[in-house]
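# An overview of the molecular structure
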Amino acid sequence: MTSDFKERETVELLKELVNIASPSGFTEDIMNYMSSLLEKMGVTYKKTNKGAIIATILGKDDSRHRLLTAHTDTLGAMVKEVKENGRLKLSMVGGFNWNAVEGEYCTIHTAKGDKIRGTILMHETTVHVYREAGKLPRNEDHIEVRLDEKVFSSSDIRTKGIEVGDFVSFDPRFEFTESGFIKSRHLDDKASTTLLLKLLEKLTTEKIELPYTTHFYISNNEEIGYGGNSNIPPETVEYIAVDMGAIGDGQASDEYTVSICAKDSSGPYHYALTRQLVALAKDNNIDYKLDIYPYYGSDASAAIRAGADVRHALFGPGIEASHAYERTHIDSLRHTANLLLAYIKSPMIDEQEAE
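What you see is a predicted model, and the numbers here were worked out from it, not measured in a lab. (Residues numbered from 1 in each chain as written. Predicted model: local features only at pLDDT ≥ 70, side-chain atom pairs only at ≥ 80, totals over all residues. Heavy atoms only, no water.)

## Brief notes about the overall build of the protein chain
What counts here: For the purposes of this entry, the term helix denotes a DSSP run of H or I that reaches at least four residues, the term strand denotes a run of E that reaches at least two, and both are numbered from the N terminus. Taken over C-alpha atoms, the radius of gyration is set against a globule rule of 2.2 Å times the number of residues to the power 0.38. Burial status follows relative accessibility: with a 1.4 Å probe on protein chains alone, a residue under 20% of its type maximum counts as buried, one over 50% as exposed, and anything between as partly exposed. Where accessible areas are quoted, they stem from the Shrake-Rupley method and a 1.4 Å probe; at the residue level, only the protein chains shown are allowed to cover.
Counting its regular elements, the protein chain contains 8 helices and 19 strands. Its C-alpha radius of gyration of 21 Å places the protein chain within 12% of the 20 Å reference for a compact globule of 355 residues. Within the protein chain, the fraction of its 355 residues that count as buried is 56%. Accessible surface, the protein chain as shown: approximately 15,600 Å² in total, 48% of it carbon and sulfur.

Written out as structure tokens, the structure is:
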């Protein structure tokens, strides 16, 4: 496949997305931004009651549909307790380890719309006072937010408008290196969301006709387990989650290729559809890795559990250090973009192959 991957534009859009705070449950700003981008493209879309977006491109065959999904929601936290020492206790939003955000700058989003800065730290951080600080567990009993405000008590905090239930977002610290690495929090799954948006832009500007009506489902609750498993058009036959590939010991995925998932914690993905993705990668000289993610679930697997009668598959860029300070390479985004384009232009596997 001859690639016309727009590297600089893709990186700039990804940078914009990761800098819009959107922990699960606090996604209105980024979903409004999604709407504005789709409107500029002239793409037809609708919003669900849960705040997700389904954009639709009509194809030659409108009787059988495809659906691609990526999610904009990220990890984050909520204020669990306003402490008497002038600091905040947190409750996790999404699945991560507290040590992954220890020392990170953060923003508290108040109900009035104010943004108050702080740092996530162990209560017992100062080594000159707490001799055993390094041995203490990183958990909700020890992790707290040190506010960048003159506050000395819970009443001082409340005068700033901070209260239990306020959302807390983590600074992404986005960086694009000369060697092609993209380092940032929230590449899961804003990297894939960026690729879907750039694909939509390509389809509309180049007036590419698709073989089947294709939906682009931008979900906003994936990190808490129920993103793209409702509002699936009944004509949908194939459902693709475009999400990160998991990297680590025993994994095939890396930061330079597109990762195709054969199985995750929910079980195997649809065999014939997964093999079609592999065949498309081979036929179009797309570098890929076929992998199994042991502790992972996607919007596609959530849809299957919810009873959706679809063939489901999963692929996406390989992301190092998932749910921490993540990293991928521009090559991985390029290969994922090429597989997306090859897939949506390809014929569906026939009924016999699908069995």
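## Overview of empty space enclosed by the protein
For the record, the criterion: A pocket here means an open set of points on a 1 Å grid, computed over the protein atoms alone, that has protein on both sides within 12 Å along at least five of seven lines. A cavity is instead a set of points where a 1.4 Å probe fits but cannot get out; residues with an atom within 4 Å of a point line either one. Grid points are joined across faces, edges and corners, and a volume is the space filled by probe spheres set on the points. The residue classification treats Ala, Val, Leu, Ile, Met, Phe, Trp, Tyr, Cys and Pro as nonpolar and Asp, Glu, Lys and Arg as charged. All others, Gly included, are polar.
With the rule as written, the count across this model stands at 1 cavity of 30 Å³ or more. There is about 90 Å³ of room inside the largest cavity. In the lining of the largest cavity, the residues fall into 5 nonpolar, 3 polar and 4 charged.

## Here we look at the nonpolar core
Put simply, the test is: By nonpolar core is meant a set of buried Ala, Val, Leu, Ile, Met, Phe, Trp, Tyr and Cys residues that side-chain atoms within 4.5 Å join together. Residues count as neighbours in contact if any of their non-hydrogen atoms are within 4.5 Å of one another.
Core analysis: the biggest nonpolar cluster contains 70 residues, and Met34, Leu68, Phe216 and Ile240 have the highest contact counts within it. Excluding residues within four positions of it along the chain, Leu68 makes contact with Leu196, Leu199, Thr214, His215, Phe216, Tyr217, Ile240, Leu340, Tyr343 and Ile344. One finds Leu75, Leu90, Cys106 and Ile116 within the second-largest nonpolar core, a separate group that totals 22 residues.

## A few points about helix H5 (residues 271-283)
Definition in use: Helix span is expected to be 1.5 Å times the residue number reduced by one.
The end-to-end C-alpha separation of H5 is 18 Å, in line with the 18 Å expected for 13 residues at 1.5 Å each. Within the sequence span of H5, burial applies to Ala272, Leu273, Thr274, Gln276, Leu277, Val278, Leu280 and Ala281. One or two positions beyond H5, positive phi appears at Asn285, with a value near 55 degrees.

## A word on the packing of helix H1 (residues 7-18) against helix H4 (residues 187-205)
Between two packed helices, the angle of one axis relative to the other and the distance separating the axes together describe the packing. Selection criterion: Fitting a line to C-alpha atoms yields each axis, with helices limited to the stretch in contact; the angle taken between N-to-C directions then spans 0 to 180 degrees. Here roughly perpendicular refers to angles of 65 to 115 degrees, roughly parallel to angles under 35, roughly antiparallel to angles over 145, and oblique to all remaining angles. With the far helix as reference, a near helix turned anticlockwise by less than a right angle produces a left-handed crossing, and one turned clockwise produces a right-handed crossing.
Where H1 contacts H4, the two axes come as close as 9 Å, and the packing angle between them is 130 degrees. Between H1 and H4, the angle falls in the class oblique. Two packed elements cross with a definite hand, and for H1 against H4 that hand is right-handed. Of the residues in H4, those in contact with Glu9, Thr10, Leu13, Leu14, Leu17 and Val18 of H1 are Leu187, Lys190, Ala191, Thr193, Thr194, Leu195, Leu197, Lys198 and Glu201. Classifying every residue of the contact of H1 with H4 gives 8 nonpolar, 3 polar and 4 charged.

## Some remarks on the packing of aromatic side chains
For clarity, the cut-off: Pairing of aromatic side chains here covers Phe, Tyr and the six-membered ring of Trp, requires ring centres within 6.5 Å, and sorts the geometry by plane angle: under 30 degrees stacked, over 60 edge-to-face, intermediate tilted. Lysine and arginine charges are scored as sitting over a ring when NZ or CZ, respectively, is within 6 Å of the ring centre and within 35 degrees of the ring normal.
On inspection of all chains with the given rule, the structure shows 5 aromatic pairs. With a centroid separation of 4.7 Å and 50 degrees between ring planes, the pair formed by Tyr293 and Tyr296 is classed as tilted. With respect to class, Tyr293 is no different from Tyr296; both count as buried. Taking NZ or CZ as reference, Arg66 lies 4.3 Å from the ring centre of Tyr343, over its face. Seen from the ring of Phe181, Arg327 lies directly overhead, with NZ or CZ sitting 3.8 Å from the centre.

## Some details on the environment of Glu209
Topologically, Glu209 is positioned in the loop between H4 and strand S12 (210-219). On the basis of relative accessible area, Glu209 is assigned to the exposed category, the value being 53%. Sequence separation between Glu209 and Leu58 is 151 residues, and the spatial gap between their C-alpha atoms is 8.1 Å.

## Some details on the pairing of strand S8 (residues 143-147)
For clarity, the cut-off: Two strands qualify as a pair provided that DSSP identifies no fewer than 2 bridges between them.
Most of S8 is tucked away: 4 of the 5 residues are buried. Here 5 bridges tie strand S7 (residues 115-122) to S8, and the two strands are oriented antiparallel to one another. In the strand pairing of S8, Thr119 is matched with Arg146.

Remember, this is a structural readout, not a statement about activity or role.
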